[in-house]
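# Architecture at a glance
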Amino acid sequence: MRLLGGVERLLSEKYWEGARGFTLTEAMRVAIAAQAALVTLTLGVDAYQHVKAIVVHPSTVVVRTPRPGPVPGTFDDSPIELIGEAHGRQGPVILAWDAVSADIRVRGYHGRNVVIHEFVHKLDMLDGVVDGTPPLADDAARRRWKQVTDAEFDSLRSGSPDPLLRDYAATDPGEFFAVAAEVFFTRPVDLATAKPALYGIYRDFFRQDPAARRARSARAG
Ligand SMILES: [Zn+2]
């Protein structure tokens, strides 16, 4: 069982920590590891080699990280609410348990999944930059990736309503990839139907076909 092997490695090889006195139980760790391992079912959990730690807060994290302000040379440290964060290439994945458990309660079929989102940022970062393009096989694959995702991203930026991709995907190409990957894993049939080109490049990158999986399980009843 590939999935089980991946889950066991994430549980044993990563440093898991409950933040702010939060008691992180075995069941919670397994739930998070299973979702992260599903993303790399075929790629293998070595793709998370730079993830040393997974830090889980009880609920939404409010941070005041100084960041470049709207005017060059200024800084903005107003509070921002985070339900998850993938901190730098070597940094921890930070999650809010209330958001993780909300995704699990609806079996993830609403197109959102914070664990998938943050771990996909980590795959994006494998080449050192969060730009919405993970390391790909060759130039042809990179050109195809850019062509397909730029078209979808530009359409969102222009304000076209999208039934599958929430507005947050229009933030930047990195967020686009993470949000669209949530939909790829949680509403694969809808994505394959509505955006076959986007579905196709993700199927090739993740080397798995969740829509076909969903169809098989539907036939099996
Ligand atoms: Zn994000």
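Up top is the structure these notes are about.
These notes cover the structure that comes with them.

Reading guide: rules and limits
Residues numbered from 1 in each chain as written. Predicted model: local features only at pLDDT ≥ 70, side-chain atom pairs only at ≥ 80, totals over all residues. Heavy atoms only, no water. Salt bridge = Lys/Arg side-chain N within 4 Å of Asp/Glu carboxyl O. Helix = DSSP H or I, 4+ residues; strand = E, 2+ residues; numbered from the N terminus. Buried < 20%, exposed > 50% of the residue type's maximum accessible area, 1.4 Å probe, protein only. Phe/Tyr/Trp six-rings, centres within 6.5 Å; stacked < 30°, edge-to-face > 60°.

Looking now at the pattern of salt bridges. Enumeration according to the criterion identifies 10 salt bridges in this entry. Its salt-bridge partner being Asp46, residue Arg9 comes within 2.7 Å of it at the nearest N-O pair. Of this pair, Arg9 sits in helix α1 (residues 2–13) while Asp46 sits in the loop between α2 (26–39) and β2 (53–57), and the two are 37 residues apart along the sequence. The exposure class of Arg9 is partly exposed, given its relative accessible area of 31%. Among the ionic pairs, Arg142 bridges to Asp139, the shortest N-O distance being 2.6 Å. Of the two residues, Arg142 and Asp139 are both situated in helix α5 (residues 139–157); the distance of 3 residues between them amounts to about one turn of the helix. Residue Arg142 is classed as partly exposed on the basis of its relative accessible area of 35%. Salt bridges linked by common partners bring Arg9, Glu13 and Asp46 together as one network.

The next point concerns the packing of aromatic side chains. Applying the stated criterion to the full structure yields 15 aromatic pairs. Relative to Phe176, the ring of Phe153 has its centre 6.2 Å away and its plane inclined at 85 degrees; by these criteria the two rings are edge-to-face. Of the two residues, Phe153 sits in helix α5 while Phe176 sits in helix α6 (residues 173–186), which places them 23 residues apart along the sequence. Here the two residues Phe153 and Phe176 agree in accessibility, since each one is buried. Taking the centre distance of 5.5 Å and the plane angle of 20 degrees together, the rings of Phe184 and Phe206 count as stacked. Placement of Phe184 in helix α6 and of Phe206 in helix α8 (residues 196–206) is noted, with a sequence separation of 22 residues between them. For Phe184, a relative accessible area of 0% corresponds to the buried category. In this structure Phe206 comes out as buried when scored by relative accessible area, which is 0%. Feature note: the residues Trp145, Phe177, Phe184, Phe185, Tyr199, Tyr202, Phe205 and Phe206 constitute an aromatic cluster, connected by ring pairs.

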